[in-house]
Amino acid sequence: MPFKQLLAGFALTLALTAHADVTLLNVSYDPTREFYQDFNAAFARHWQATAGEAVKVNQSHGGSGKQARAVIDGLEADVVTLALAYDIDAIASASQQLPADWQTRLPDNSTPYTSTIVFLVRKGNPLAIKDWDDLVRKDVSVVSPNPKTSGGARWNYLAAWAYARETTGSEDGAKAFVANLFRNVAVLDTGARGATTTFVERGIGDVLIAWENEAYLATAGKAGAEFEIVTPSISILAEPPVAVVSKVAAKHGTGQAAQAYLEYLYSEEGQTLAAEHFFRPRDATVAAKFAGRFTDTRLVTVDEAFGGWAKAQAEHFADGALFDQIFAPQ
Amino acid sequence: MKHRLPSTVSEPAPVRWTLIGIALAFVIITLVLPLALVLSQALAGGVREFWGALAEPDAQAALRLTLTAAAIAVPANLVFGVCAAWSIAKFEFKGKQLLLTLIDLPFAVSPVISGLIYVLLFGLQGWFGPWLAAHDIKIIFAVPGIVLATVFVTFPFIARELIPVMQEQGTDEEEAAATLGAGGWQTFVRVTLPNIKWALLYGVVLCNARAMGEFGAVSVVSGHIRGMTNTLPLHVEILYNEYNAVAAFSVASLLMLLAIVTLVLKTWIEGRAHRQVGAPVMETVR
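Residues numbered from 1 in each chain as written. Chains lettered and ligands numbered in written order. Predicted model: local features only at pLDDT ≥ 70, side-chain atom pairs only at ≥ 80, totals over all residues. Heavy atoms only, no water.

Novice: Talk me through the overall build of chain B; I want residue IDs and the actual numbers.
Specialist: A count of helical and extended segments in chain B gives 12 helices and 0 strands. Dimensions along the principal axes, computed over C-alpha positions, put chain B at roughly 65 × 55 × 35 Å. For chain B, buried positions account for 44% of its 286 residues. Counting contacts in chain B only where the partners sit at least 6 residues apart, residues at least 24 apart contribute 72% of the total. Element-wise, carbon and sulfur atoms account for 70% of the exposed surface of chain B, whose accessible area totals about 15200 Å². (Helix = DSSP H or I, 4+ residues; strand = E, 2+ residues; numbered from the N terminus. Buried < 20%, exposed > 50% of the residue type's maximum accessible area, 1.4 Å probe, protein only. Contact = heavy atoms within 4.5 Å. Areas by Shrake-Rupley, 256 points an atom, 1.4 Å probe, with all protein chains shown as cover.)

And the structure:
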């Protein structure tokens, strides 16, 4: 290999250290890539104007559970913006990098934007998929990420469960329904983005169970005309929370900027950007502005339908719990 | 069935052509087509978009990191490879077989495991994690971890190339040099090195190719911070996952270029070695 090239690589690496007064690392989950790209630029302008500091926010994306694991293992995130509260709870309990009551530190359960679970189907909806019932039909092939590894998939699973419990009237009925649904899953990807790629790019499956924002993103691209979004009659209010990893931020001396960064998610600009990237904003005025964008449907919360994430996790997703029983070797 | 050739060496023409056809079709379908596809996808948005994807700061950072990792891993494994091959080929000692087996270890374990061992060692919950954190030393989710993982997976390439060559040559020439009064270093530079030159170069080329292309092990210890801990292969995956196919394939074509350079170098080295040393059969690793 040319030595000059190698030397050049070295020299460039030394020169790599970019100039910024504050550098934050935001460890996030898959579908927020495009949103945070825009939001980071907006926050940098805001912070320069208000605090007079140049801030650079680095991003790391991956499956929510995997990202939590990386933070536990020492990935020095100043803030985490993950798919579900349980993953941040895991960081708090396994590594004590942030206080156990982290979710009370910011408004709305520390969830500045929400989403829900919808179906993405192929153009013209050839199989006439309207609701969860259609997903257990024998002729329908479903794509979903794996609830064991993907935060989004746990929302998928719980949304289906909530629907089935309501229509069958019992937990047993729900269990049988969800078991049938997962029997229809053709590909069980590890992450939400992987599942979308399987459905959109590789053309596998008739319906993708996905985050609403992920589904909109897929239909926004140039391949978008080939897909349609179907909103089921009942779905779940998905609350992807955010938190400052206080110990890391204290070590980096970035606590103030990190807090301001997350608070700015609740500002009008932050909420507007979230809505533009198909997350449902919390702010009423911004929500009213984007009212036409999101289909109204009944949304249940994890707290009211499943008694909170800790309980849902233990009953459904822990080793040997309901999901394992349902998805036993077939 | 009509024309059965009497010779036992040559197969009937239809069999020969079928075999050649199958081999050729296989190579085209599994190698040539995908490579052509990478290029055509990379250029799907035009040349400007192609260069744009390569000039983008995150891609540049990934390129720098990949070059840095290779620039450390290859020399490190060069030194190690020569030492290991030397001791295995020229000395008799207890545990030689064990050392040979250990050198092959990175080939035997999945790259994911290669990454995980470093997480278990240097992660915050790992053996050395708390101590490292207390002294503010970052290994995993930073450049050192990526270099370590790269060194680990490329560990056998050079040693594995040298061992058969050195074993075949034996110790006669070195012994002769010693009786003529040459010191250890002199013997190595004047006698051993010229003998193993081509095998060494061949090992370096393969080692470098793998160092730049490694995905699995590096993915585990990277932390995937854009512009900081993403190598070229990881960057390709990220771009693809962002529906940015043109950029993903543009960066991928950079890696492909590296593969082609490697192949050309490899062929050239094989030719040179063949002419100079008189057909030493090179053991191809993988």
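Novice: Go over unusual backbone geometry with me, naming the residues and quoting the values.
Specialist: Of note in the backbone geometry, S110 of chain A takes a positive phi value of approximately 55° without being a glycine. Residue position: S110 of chain A is located in helix 5 (residues 107–110). Positive phi outside glycine occurs at D136 of chain B, with the angle close to 55°. Its place among the elements puts D136 of chain B in the loop between helix 6 (129–134) and helix 7 (143–169).

Novice: Report on a nonpolar patch on the surface, specifying residues and quantitative values.
Specialist: Residues and elements named next belong to chain B. A surface patch of nonpolar side chains, amounting to about 770 Å² of accessible area, comprises L24, F26, V27, I28, I29, L31, V32 and L33. Structurally, V27 is set in helix 1 (residues 13–42). The exposure class of V27 is partly exposed, given its relative accessible area of 37%. (Patch = residues over 30% accessible without salt bridge, like charges linked within 9 Å, V, L, I, M, F, W, Y side chains within 5 Å. Salt bridge = Lys/Arg side-chain N within 4 Å of Asp/Glu carboxyl O.)

Novice: An account of the interface of chain B and chain A is needed here, citing residue identities and associated values.
Specialist: Every contact between the two is made by 28 residues of chain B and, on the other side, 34 residues of chain A. Buried area between chain B and chain A, both sides added, is near 2700 Å², and the carbon and sulfur share of it is 61%. With a closest N to O distance of 3.5 Å, D136 of chain B and K251 of chain A form a salt bridge. The interface formed by chain B and chain A holds 5 residue pairs in polar contact (both at pLDDT 80 or more) in total. The set of elements that each furnish at least two residues to the side of chain B that touches chain A consists of helix 3 (57–90), helix 9 (184–213), helix 11 (232–241) and helix 12 (245–278) of chain B. Of the residues in the side of chain B that touches chain A, the class split is 16 nonpolar, 7 polar and 5 charged. (Buried area = accessible area lost by both parts, 1.4 Å probe. Polar contact = N/O pair within 3.5 Å; in protein donor to acceptor, adjacent residues only side chain to side chain. Nonpolar A, V, L, I, M, F, W, Y, C, P; charged D, E, K, R; others polar.)

Novice: Tell me about the packing of helix 3 of chain B against helix 7 of chain B, and please be specific about residues and values.
Specialist: How two helices sit against one another is set out by the angle between their axes and by the gap between those axes. All names here are of chain B. For the pair helix 3 and helix 7, interaxial distance at closest approach is 6 Å and the crossing angle is 35°. For the pair helix 3 and helix 7, the crossing hand works out as right-handed. Looking at side-chain class alone, the contact of helix 3 with helix 7 contains 23 nonpolar, 5 polar and 1 charged residues. (Axes fitted to C-alpha atoms, helices over the stretch in contact; angles between N-to-C directions. Left-handed = near helix turned anticlockwise from the far one by under 90°.)

Novice: For the packing of aromatic side chains, give the residues involved together with the corresponding values.
Specialist: Two aromatic rings, taken as a pair, are described by how far apart their centres are and by the angle between their planes. Residue and element names in this part refer to chain A. Across all of its chains, the model carries 37 aromatic pairs over all chains by this definition. When the ring of F43 is compared with that of Y261, the centres are 5.1 Å apart and the planes differ by 80°; the resulting orientation is edge-to-face. Within this pair, whereas F43 is found in helix 2 (residues 33–51), its partner Y261 is found in helix 11 (residues 255–263), the two being separated by 218 residues in sequence. Taken individually, F43 and Y261 each receive the classification buried, so the pair is uniform in this respect. Aromatic pair F182 and F323: ring centres 5.4 Å apart, planes at 80°, arrangement edge-to-face. (Phe/Tyr/Trp six-rings, centres within 6.5 Å; stacked < 30°, edge-to-face > 60°.)

Novice: Hey, could you go over the nonpolar core for me, with residue numbers and the actual values?
Specialist: Within the largest apolar cluster, 112 residues are counted, with the highest numbers of intra-cluster contacts made by V80, W132 and Y157 of chain A. Ranked by the residues each element gives to this core, the list is headed by helix 6 (residues 151–168) of chain A, at 9 residues. For Y157 of chain A, the contacting residues outside a window of four places in its chain are P147, V178, F182, H316, F317, L322, F323 and I326 of chain A. With 34 residues, the next largest nonpolar core counts M166, A199, V205 and A211 of chain B among its residues. (Core = buried A, V, L, I, M, F, W, Y, C linked by side-chain atoms within 4.5 Å.)

Novice: Describe in detail the environment of A153 of chain A, supporting the description with residues and values.
Specialist: Residues and elements named next belong to chain A. Within the secondary structure, A153 is located in helix 6. Using a relative accessible area of 0% as the deciding quantity, one classes A153 as buried. Considered as a pair, A153 and S170 are 17 residues apart in the sequence and their alpha carbons are 22 Å apart. Setting aside its immediate chain neighbours within four residues, A153 contacts S144, P145, N146 and P147.

Novice: Report on the pattern of salt bridges, specifying residues and quantitative values.
Specialist: Where charged atoms from two side chains of opposite charge approach closely, those side chains can pair. A complete count under the given rule lists 26 salt bridges over all chains for this structure. Here R45 of chain A makes a salt bridge to E269 of chain A, at a shortest N to O gap of 3.6 Å. One end of the pair, R45 of chain A, is in helix 2; the other, E269 of chain A, is in helix 12 (residues 268–276), with 224 residues separating them in the sequence. In this structure E269 of chain A comes out as partly exposed when scored by relative accessible area, which is 31%. One salt bridge in this structure joins D87 of chain A and R154 of chain A, with 4.0 Å as the shortest N-O distance. Taken together, the positions of D87 of chain A in helix 4 (residues 85–95) and R154 of chain A in helix 6 put the pair 67 residues apart, joining distant regions of the chain. Pair check on accessibility: D87 of chain A and R154 of chain A agree, each one buried. In this structure, a network of salt bridges that share partners links the residues E76 and K251 of chain A together with D136 and K138 of chain B.

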